[in-house]
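One letter stands for each residue in the lines below.
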Amino acid sequence: MSGTRTLCCHVTTATLSFAVIYLTGNVLKLVGIILMVSLDKGAFSVPYHDSKATRGQRLFDISSDILMLVLMSISAVLVLFCKRKGPMFVLPFVLMMFVELTLSFLFLFDGPWGLPGTPNYREMLQVIKSQKRVDRLNEEDIGQFTMEYSVFFMLDILLKVYILHVSMRCFYTLKAESMAAVSVDTGNTVTVKLPSYDEALKMKAQDTPPSYHEA
């Protein structure tokens, strides 16, 4: 976690920028979920949920997604106050980025484990079919879509890893600055001028222990 600069700026500035982008995306996802639910109140469904799920399961999924997005948004808001309040305001953002990475990896094994507001492979494939107005894509189109989806998915993972790395560096940097400020305020710093090698050779030994006498 050495160094305080990244992307040609301070790690704190980079973390603040990522938090603003992160907050904007979560708010847009949250608004999208609320609009979808309000437009289809009877079914309690949103496009990225399984249509075979029961009404209670859909309600639970929507509630958990909204709660997750709210927690993510709060963690991003706290980062905006980290310069004045200290490094602990960055820690929730670090934890939520770790949770996002975990959910992204779980998303590879099962779609419902994905992030709220993020469509999976099958849902994106349905979108492509509706745009092309076909019931089934040919092998060439499926191969091209799979390659593009895999590239964007890996780029998203790498970006989240980088954001996690930068936010952790920001946390340790703010923590070091806070400890240095406390040390200066309390006057615990001590400066000692040590003699050079030649001066040390010329110095006479003082406070020699008394000679040993057998009792």
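Look up: the structure comes first, before these words.
I will try to describe carefully the structure that is included in this document. Note that this is a predicted model, so its numbers are computed, not measured.

## Remarks on the pattern of salt bridges
Then comes step 1: Summed over the entire model, instances satisfying the criterion amount to two salt bridges.
Then comes step 2: A salt bridge links K160 to E100; its shortest N-O distance comes to 3.3 Å. On the criterion of sequence distance, the pair formed by K160 in helix α6 (residues 139–186) and E100 in helix α4 (residues 91–107) is long-range, its members being 60 residues apart.
Then comes step 3: What makes K160 buried here is its relative accessible area of 8%.
Then comes step 4: For K160, the salt bridge goes to D156, with nearest N and O atoms at 3.0 Å. Taken together, the positions of K160 and D156, both in helix α6 and four residues apart, correspond to about one turn of that helix.
Then comes step 5: Within the structure, one salt-bridge network assembled from shared partners comprises E100, D156 and K160.

## Overview of a nonpolar patch on the surface
Then comes step 1: A surface patch of nonpolar side chains, about 540 Å² in accessible area, is lined by M147, V151, F152, L155 and L158.
Then comes step 2: Summarising the element assignment, L155 is placed in helix α6.
Then comes step 3: Since its relative accessible area comes to 49%, L155 is described here as partly exposed.

## Focus: the packing of aromatic side chains
Then comes step 1: If you walk through the whole model with that rule in mind, you get four aromatic pairs.
Then comes step 2: With a centroid separation of 5.2 Å and an interplanar angle of 85 degrees, the aromatic rings of Y22 and F93 are classed as edge-to-face. Here Y22, found in helix α1 (residues 11–39), pairs with F93, found in helix α4; they are 71 residues apart in sequence, far enough to count as distant. Both residues of the pair, Y22 and F93, count as buried.
Then comes step 3: Here the aromatic rings of Y149 and F153 are separated by 6.4 Å at their centres, their planes lie at 15 degrees, and the arrangement is stacked. Highlighted residues: Y149 and F153, both in helix α6, separated by four residues, approximately one helical turn.
Then comes step 4: Under the relative-accessibility criterion, Y149 is labelled buried at 19%.
Then comes step 5: Taking the relative accessible area as the measure of exposure, F153 reaches 15% and is therefore buried.

## Focus on helix α5 (residues 121–132)
Then comes step 1: Under the 1.5 Å per step criterion, the end-to-end length of α5 is 17 Å for twelve residues, consistent within 8% with the ideal 16 Å.
Then comes step 2: Every buried residue of α5 is listed here: E123, L125 and K129. Along the axis of α5, the buried residues cluster in a sector spanning 155 degrees; they form a single face.
Then comes step 3: R133 occupies a position one or two residues after α5 and carries a positive phi of about 60 degrees.

Conventions adopted
Residues numbered from 1 in each chain as written. Predicted model: local features only at pLDDT ≥ 70, side-chain atom pairs only at ≥ 80, totals over all residues. Heavy atoms only, no water. Salt bridge = Lys/Arg side-chain N within 4 Å of Asp/Glu carboxyl O. Helix = DSSP H or I, 4+ residues; strand = E, 2+ residues; numbered from the N terminus. Buried < 20%, exposed > 50% of the residue type's maximum accessible area, 1.4 Å probe, protein only. Patch = residues over 30% accessible without salt bridge, like charges linked within 9 Å, V, L, I, M, F, W, Y side chains within 5 Å. Areas by Shrake-Rupley, 256 points an atom, 1.4 Å probe, with all protein chains shown as cover. Phe/Tyr/Trp six-rings, centres within 6.5 Å; stacked < 30°, edge-to-face > 60°. Expected span 1.5 Å × (residues − 1). Arc of directions from axis to C-beta.

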